[in-house]
Amino acid sequence: MTSNNYISDLTFQEYLQEIQEKHPSLYELLDPDRIEADAIEDYLKELNALSWEFEDQDTGGRGLAWSQAQNSSNSRRVGMTSLMKWFSPDSGETASGETPGPALRVLDVLGGSGTVARLSATLGNNAPTVFTADISNLMISSCRAHDLPYIRQSATRSLFRDDSLDGVLIGYGTQLLSPQARQLAVLEAYRTLKPGSLLVLHAFEAGQPAARFFDDVVHPYSRTGHPHEHLTRAEIDGLFADAGFRDMRMCDMHDPFIVEAPTAGEARRNALMHLYSAYDLCKISGSQQDVEAKLEALVEETLGPISVRREQEHYIAEVPRTALVATGVKK
């Protein structure tokens, strides 16, 4: 990507022209002052300076492996569907209601290649409209290739208008943000939400099994490592309170990896190799046989045993994982 390009082969002005034509409901929510030409030139330099971990291997990143592993949204369908349900007005204490309809416009702040948006599109008439945002050129270029509404921006400096969004999701990557960036991201969520609308924050709680998987497996064995601190309940509570959110709720959410195959053995192996590919665990071993054995032991030590069950004509392997979900309403 050349220095004057916003994503892939597009300048920012070309990007605006494209989404004005293809995704006008996103375009109309952008803040004219924040997308002014001089402001965007400096903003793009900032994005390019910060983004590396989920770019391609030529920058030392593992973005290509992650993007390819997310080509199907089914592996995280359970958790992502639950996150969409939190935005329903009748979600209750456990988000057990229906998903809201397409009139509800949600910004996925750490949206990567658009996995949540693609999952939402499979939910039919009850699916909210999801705008995917990410700092990574590679991730957002992949999102664009899926013809989804997208924007390349930082979690800490949104290009959306004040009071414009029906919902904001900060999930599947909150641990990648520094403590200062987390606060700025929550403040930006508050600024861009309509009064009475909801922020949903998804995190892997410090000290819990999912966080230990990142610390004990992803950090030592992935291409990039994972030198990031996970959030605590007290930190999340403080982030919401300092930003001004009311009616905060916090609960644990079932968020497993689900993989299917024709046989029980294949399902188990596919689940392990999905984790290997998604997190680019290239340092774990030199041979695939050793990878499977070593990774299964590490998964059991951190996340717990992989379970396999039969459903009709195929088998389902489930890697257990629990996430922490917090919600708050803008005053």
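Residues numbered from 1 in each chain as written. Predicted model: local features only at pLDDT ≥ 70, side-chain atom pairs only at ≥ 80, totals over all residues. Heavy atoms only, no water.

Asks: Run through the environment of Glu 205, naming residues and quoting values.
Replies: Residue placement: Glu 205 occurs in the loop between strand S5 (193-203) and helix H9 (209-221). Note on Glu 205: relative accessible area 16%, which makes it buried. When the C-alpha atoms of Glu 205 and Trp 52 are compared, they prove to be 24 Å apart, with 153 residues separating the residues in sequence. Not counting chain neighbours up to four residues away, the residues in contact with Glu 205 comprise Ala 211, His 230, Leu 231, Arg 233, Asp 252 and Leu 324. (Helix = DSSP H or I, 4+ residues; strand = E, 2+ residues; numbered from the N terminus. Buried < 20%, exposed > 50% of the residue type's maximum accessible area, 1.4 Å probe, protein only. Contact = heavy atoms within 4.5 Å.)

Asks: Can you tell me about the sheet that holds strand S8 (residues 307-311), naming the residues and giving the values?
Replies: Within a beta sheet, neighbouring strands are joined by backbone hydrogen bonds and run either parallel or antiparallel to one another. Taken in spatial order, the three strands line up as S7-S9-S8 in an open sheet, and their pairing is antiparallel. Whereas interior strands pair on both sides, the edge strands pair on one side only; in this sheet they are strand S7 (257-261) and S8. Adjacent strand axes in the sheet meet at a mean angle of 25° when their direction is disregarded. (Pairing = 2+ DSSP bridges. Axes fitted to C-alpha atoms, helices over the stretch in contact; angles between N-to-C directions.)

Asks: I'd like a rundown of the pattern of salt bridges, residues and numbers included.
Replies: Tallying each qualifying case throughout the model produces 19 salt bridges. A salt bridge links Glu 28 to Arg 105; the nearest nitrogen and oxygen atoms lie 2.8 Å apart. Note that Glu 28 is positioned in the loop between helix H2 (24-27) and helix H3 (37-50) and Arg 105 in strand S1 (residues 105-108), a separation of 77 residues in sequence. Judged by relative accessible area, which is 43%, Glu 28 ranks as partly exposed. Of the charged contacts, one joins Asp 252 and Arg 233 as a salt bridge, the two residues approaching to 2.9 Å between their closest N and O atoms. Residue Asp 252 is found in strand S6 (residues 246-254), and its partner Arg 233 is found in helix H10 (residues 233-243); the two are separated by 19 residues along the sequence. With relative accessibility at 31%, the residue Arg 233 sits in the partly exposed group. Members of the salt-bridge network, linked through shared partners, are Asp 9, Glu 18 and Arg 144. (Salt bridge = Lys/Arg side-chain N within 4 Å of Asp/Glu carboxyl O.)

Asks: Any chance you could break down the nonpolar core for me, citing the residues and the numbers?
Replies: Within the largest apolar cluster, 100 residues are counted, with the highest numbers of intra-cluster contacts made by Tyr 15, Ile 170 and Tyr 279. Taken domain by domain, this core gets at least three of its residues from each of domain 1 (63-256 + 323-330) and domain 2 (258-319). Setting aside anything within four residues of it in sequence, one finds Tyr 15 in contact with Tyr 6, Leu 10, Leu 26, Tyr 150 and Ile 151. (Core = buried A, V, L, I, M, F, W, Y, C linked by side-chain atoms within 4.5 Å. Domains from an automatic or database assignment.)

Asks: Mind laying out the packing of helix H11 (residues 264-278) against helix H12 (residues 288-302), listing which residues take part and the relevant values?
Replies: Where H11 meets H12, the closest approach of the two axes is 10 Å, and the angle between their N-to-C directions is 85°. It follows from the interaxial angle that H11 and H12 lie roughly perpendicular. Contacts from Arg 268, Arg 269, Leu 272, Met 273, Leu 275 and Tyr 276 in H11 reach Gln 288, Val 291, Glu 292, Leu 295, Glu 296 and Val 299 in H12. When grouped by side-chain class, the residues that make up the contact of H11 with H12 number seven nonpolar, one polar and four charged. (Parallel < 35°, antiparallel > 145°, perpendicular 65-115°, else oblique. Nonpolar A, V, L, I, M, F, W, Y, C, P; charged D, E, K, R; others polar.)

Asks: Quick rundown of the pairing of strand S2 (residues 129-134)? Include the residues and the values.
Replies: The buried count for S2 comes to five of six residues, which makes it a mostly enclosed element. Of the pairings in the sheet, the one linking S1 to S2 comprises four bridges and is parallel in character. Bridge pairing in S2 places Arg 105 opposite Thr 129. For the segment spanning S1, helix H6 (residues 115-121) and S2, crossover handedness is right-handed. With helix H7 (residues 137-145) bridging S2 and its parallel neighbour strand S3 (residues 150-152), the resulting β-α-β unit is right-handed. (Right-handed = clockwise from strand over helix to strand, strands pointing away.)

Asks: Break down the environment of Cys 251 for me, citing the residues and quoting the values.
Replies: Mapped onto the elements of the fold, Cys 251 is located in strand S6. On the basis of relative accessibility, which here comes to 18%, the residue Cys 251 falls in the buried class. Measuring from C-alpha to C-alpha, the distance between Cys 251 and Pro 128 comes to 22 Å, with 123 residues separating the pair along the chain.

Asks: Kindly report on unusual backbone geometry, identifying the contributing residues and their values.
Replies: A positive phi angle is found at Tyr 172, which is not glycine, with a value near 50°. Look at Tyr 172 and you get buried, because its relative accessible area is 17%. Despite not being glycine, Asp 247 shows a phi value in the positive range, around 50°. Relative to the helices and strands, Asp 247 resides in strand S6.

Asks: Which residues make up the domain arrangement of the protein chain, and what are the values?
Replies: Segmenting the protein chain into domains produces domain 1 (63-256 + 323-330) and domain 2 (258-319). A straight line from the C-alpha centre of domain 1 to that of domain 2 covers 25 Å. Each partner contributes residues to the interface: domain 1 has 21 residues there, and domain 2 has 18 residues. Among the residues domain 1 hides against domain 2, the three largest losses belong to Phe 213, Tyr 221 and Arg 223. Together they make up 35% of the total. In this structure, the connection of domain 1 to domain 2 is made through one salt bridge. Residues Asp 280 and Arg 223 are paired through a salt bridge, measuring 2.6 Å at the closest nitrogen-oxygen approach. Between domain 1 and domain 2 we count six residue pairs in polar contact (both at pLDDT 80 or more) in total. For the side of domain 1 that touches domain 2, the secondary-structure elements that each account for two or more residues are helix H4 (63-69) and H9. (Buried area = accessible area lost by both parts, 1.4 Å probe. Polar contact = N/O pair within 3.5 Å; in protein donor to acceptor, adjacent residues only side chain to side chain.)

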